[in-house]
Amino acid sequence: MTVNLEVAEGVGTIRLDRPPMNALDVATQDRLKELAEEATRRADVRAVVIYGGERVFAAGADIKEMQDMDHTAMVLRARALQDSFTAVARIPKPVVAAITGYALGGGCELALCADFRIAADNAKLGQPEILLGLIPGAGGTQRLPRLVGPSKAKDLIFTGRQVKADEALAIGLVDRVVPAAEVYEQAHAWAARLAQGPAIALRAAKESVDTGLETDIDTGLAVERNWFAGLFATEDRERGMRSFVEEGPGKAKFL
């Protein structure tokens, strides 16, 4: 398989495994969607890490495969391509991308689907599709400006240039830069910490933030309001408040 799902301590690691560069061919895209949906369904998966291995996250689409596709073929494929990445973005649990080496094109777009991005100090990210006479097609023109702002996104998309980890951190494309040997360890630790949290409240928080970014503030506030009230029906809310009153803040256990 070109993508695998391994689960330990409540954390599901979706691991790209298509050496040498984890090129995202059609089969890999489809498998990614399957595993994102599996991670969504599984109760034993409470947080997710997206990882490409020690050397590279994903260097982009399989250009040799794409070269043989004409307009009709891509019209038929483009929606499935986007759907595979959207499945990752809509995992209703905390998701962190552990970025090593290159995260280019589709690889960068996959990282954009995570809630948090930890990059190696030697990582390089970018959207080089313009150099092929194309634009990003797996969400890059939409998720990148939402993350870093339209001006910085246009700089990366218009030029196709790669940015090193320090610049990626400065513009908000990644959230933390660590030594390459520590990327997965730190990503797993971040996910494991949140895997101990209140699952329904985390889902509510993620949906409220994501929906608010995609719509007007009144709609976003309505989503927040409904989730906020709804959480008063959960055992986690009862447990969290009881612990706060009896033991003080930050001591509740939700598993």
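If you're wondering where the values come from, they're calculated on a predicted model, not measured in any experiment.

Re helix 5 (residues 140–148)
Item 1. All of the buried residues along helix 5 are Gly140, Leu144 and Val148. Along the long axis of helix 5, the arc covered by the buried residues comes to 20 degrees, so they all point the same way.
Item 2. Packing partners of the buried residues in helix 5 comprise helix 4 (106–112), helix 6 (150–159) and helix 7 (165–171).
Item 3. Immediately downstream of helix 5, the backbone of Gly149 shows phi near 95 degrees, a positive value.

Observations regarding a nonpolar patch on the surface
Item 1. Nonpolar side chains collect at one region of the surface, where Ile63, Leu132 and Leu134 lie side by side and expose about 260 Å² of accessible area between them.
Item 2. Within the secondary structure, Leu132 sits in the loop between strand 7 (124–126) and helix 5.
Item 3. Look at Leu132 and you get partly exposed, because its relative accessible area is 49%.

Some remarks on the pattern of salt bridges
Item 1. Tallied over the full model, the rule gives 14 salt bridges.
Item 2. Asp44 is paired through a salt bridge with Arg42; the nearest N and O atoms lie 2.8 Å apart.
Item 3. What makes Asp44 partly exposed here is its relative accessible area of 38%.
Item 4. A relative accessible area of 27% places Arg42 in the partly exposed class.
Item 5. Between Asp175 and Arg117 there is a salt bridge; the shortest N-O distance is 4.0 Å. Note that Asp175 is positioned in the loop between helix 7 and strand 9 (176–178) and Arg117 in strand 6 (residues 116–120), a separation of 58 residues in sequence.
Item 6. Arg117 gets classed as buried once you look at its relative accessible area, which sits at 3%.

What counts and how
Numbers given to residues run from 1 along each chain, matching the order in which its sequence is written. Per-residue local features of the predicted model are confined to residues with pLDDT of at least 70, and side-chain atom pairs are confined, for both listing and counting, to 80 or more; whole-chain, interface and lining totals are unaffected and use all residues. Values shown for side chains rest on all heavy atoms present in the structure; no hydrogens or waters enter the calculation. Exposure classes here rest on a 1.4 Å probe applied to the protein chains alone. A residue is buried below 20% of its type maximum, exposed above 50%, and partly exposed in between. Counting from the N terminus, the helices are DSSP H or I runs at least four residues long and the strands are E runs at least two residues long. Each C-beta atom gives one direction from the helix axis, and the arc is the one those directions make. Whether two residues touch is decided by their heavy atoms; if any such pair falls within 4.5 Å, the residues are in contact. Two distance rules govern patches: like charges are joined within 9 Å, and nonpolar side chains (Val, Leu, Ile, Met, Phe, Trp, Tyr) within 5 Å, applied only to residues with over 30% relative accessible area and no salt bridge. Throughout, the Shrake-Rupley method with a 1.4 Å probe supplies accessible areas, and for residues the shown protein chains are the sole cover considered. In the sections that follow, a salt bridge refers to a side-chain nitrogen of Lys or Arg positioned within 4 Å of a carboxyl oxygen of Asp or Glu.

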